[in-house]
Amino acid sequence: IRRVLLTLRDSLQTAFTAIGLCRNYPRRPSFEPDKFISSSLLASTCPTIADVLDTQRHDPFHGASGPPFPFPNMTIYRLMTWMNSGSHQKSEAEVSRLVKDVIQAEDFNLKDLDGFSVRKNLRALDNNGGKGTVTFPDDWLETDITIEIPTRSKEDSSRSFSIPGFHYRPLVAVIRAAFADIQAGAFHLLPFQRIWKDPLDDHQERVFDELYSSDSWLEAQDNLHRQPQEPGCSLERVIAGLMFFSDATHLATFGTAKAWPLYLYFGNLTKYARSAPKSGACHIVGFFPSVGDLPPVLYVSLTLNL
């Protein structure tokens, strides 16, 4: 007896808007993020975490065990930060800020300024030699990365090098935190085709404007639904679109300290909200070790084999 497998799909196509756009869902979505959002919010930004009113939100070093490296104490740190921030010509407001944020700070100590030198502390920022200790939160991990470096000769095989000092956050924990955040209310969980209809001759064309309206996402969602469900689980199966980005970042307005962070964006969020400066849609998931931080022996070996 020949067996026939039938795949039932509860598709949905929305009505065309005033500008001729509609959505064609291969499967009926259980949640539509734009349904309960007014047009004014869609034109500005997406939901973000409410501001915390405690002082720890405004002072990143609140509760820290010691001064940021390479400063010997918090007094010199505060003074150097004040000198290298704000305008070049200190106004009355800047002087008032010096008194309030530096001199009247609880951890300010005049005795710490004995023998203080601006040049010495600037040199310490630029030439710390990698001797500082960087403290990461508990959910961050450190591992070594093995990379293959091709040799000059085509006949020789590539050589493996282990690069130490890659700090990262496990992606599963980041995904869980993102989908538990208030911003997940603006995530598109199921992909769709966006279609435009010409008002003159009624012919239709595909519109590719978001990651979740691409053919790749539609195909991936279809493949996911073909997979067997987890035993005892009736939850809806959706895809988290991960978008990675990395670039050198200057860490402060003083010195030449920089880092190579690895950023993560979720493609489930519309690009109009994701690209907003204050959207809070960016997640830092890693820090790449720079060439200057590598051991000298490893750096020389990499250079000779390029």
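Just so we're clear, the structure is a prediction, and the values are computed from it rather than from any experiment.

So, on to the overall build of the chain. Looking only at helices and strands, the chain features 8 helices and 10 strands. Among the 306 residues that make up the chain, the fraction classed as buried is 27%. Here the contacts in the chain between residues at least 6 apart in sequence split such that 55% fall between residues at least 24 apart. Here the chain has roughly 21200 Å² of accessible surface; of this, 56% comes from carbon and sulfur atoms.

Let us now look at the confidence of the model for the chain. Counting all residues, the mean pLDDT for the chain is 78, and 72% of those residues have values of 70 or more. With pLDDT under 50 throughout, residues 48-64 is counted as low confidence; its partners more than four residues away or in other chains account for 15 contacts.

Take a nonpolar patch on the surface next. Taken together, the side chains of Val95, Val99 and Ile103 make up a nonpolar region of the molecular surface, amounting to roughly 210 Å² of accessible area. Positionally, valine 99 belongs in helix 3 (residues 92-103).

Moving on: the pairing of strand 6 (residues 204-207). Sheet analysis places strand 5 (residues 193-197) next to strand 6, joined by 4 bridges and oriented antiparallel. The residue of strand 6 that forms the bridge with arginine 194 is valine 207. Between the antiparallel neighbours strand 5 and strand 6 lie 6 residues, among them aspartate 202 with a positive phi of about 65°.

With antiparallel pairing, 4 strands are arranged side by side in an open sheet as 1-2-5-6. Looking at which strands have only one partner, the edges of the open sheet turn out to be strand 1 (12-13) and strand 6.

As a further point, take the side chain of glutamine 221. Position of glutamine 221 relative to the elements: it lies in helix 6 (residues 215-226). Within polar-contact distance, the side chain of glutamine 221 engages the side chain of histidine 225 at 3.0 Å.

Right, let's get into the pairing of strand 10 (residues 283-288). Regular strands place side chains that alternate from one sheet face to the opposite one. Pairing geometry for strand 4 (residues 159-168) and strand 10, over 2 bridges, is antiparallel. Counted as the bridge partner of tyrosine 168 is glycine 286 from strand 10.

Let us now look at the packing of aromatic side chains. Taken as a whole and assessed by the stated rule, the structure comprises 10 aromatic pairs. Judged by centre distance (5.1 Å) and plane angle (55°), the ring pair of tyrosine 25 and phenylalanine 192 falls under tilted. Taken together, the residues span a long stretch of sequence, with tyrosine 25 in strand 2 (residues 21-25) and phenylalanine 192 in the loop between helix 5 (171-180) and strand 5 at a distance of 167 residues. Here tyrosine 25 and phenylalanine 192 have matching classes, each one buried.

Look at helix 6: 17 Å from first C-alpha to last across 12 residues, which is about the 16 Å you get at 1.5 Å a residue. Within the span of helix 6, buried status applies to Trp217, Leu218, Gln221 and Asp222. Along the axis of helix 6, the buried residues cluster in a sector spanning 135°; they form a single face. Seen from the open side of helix 6, the exposed residues pointing more than 90 degrees away from its buried face are Ser216, Glu219 and Arg226.

What counts as what
Residues numbered from 1 in each chain as written. Predicted model: local features only at pLDDT ≥ 70, side-chain atom pairs only at ≥ 80, totals over all residues. Heavy atoms only, no water. Helix = DSSP H or I, 4+ residues; strand = E, 2+ residues; numbered from the N terminus. Buried < 20%, exposed > 50% of the residue type's maximum accessible area, 1.4 Å probe, protein only. Contact = heavy atoms within 4.5 Å. Areas by Shrake-Rupley, 256 points an atom, 1.4 Å probe, with all protein chains shown as cover. pLDDT = per-residue confidence, 0-100. Patch = residues over 30% accessible without salt bridge, like charges linked within 9 Å, V, L, I, M, F, W, Y side chains within 5 Å. Salt bridge = Lys/Arg side-chain N within 4 Å of Asp/Glu carboxyl O. Pairing = 2+ DSSP bridges. Polar contact = N/O pair within 3.5 Å; in protein donor to acceptor, adjacent residues only side chain to side chain. Phe/Tyr/Trp six-rings, centres within 6.5 Å; stacked < 30°, edge-to-face > 60°. Expected span 1.5 Å × (residues − 1). Arc of directions from axis to C-beta.

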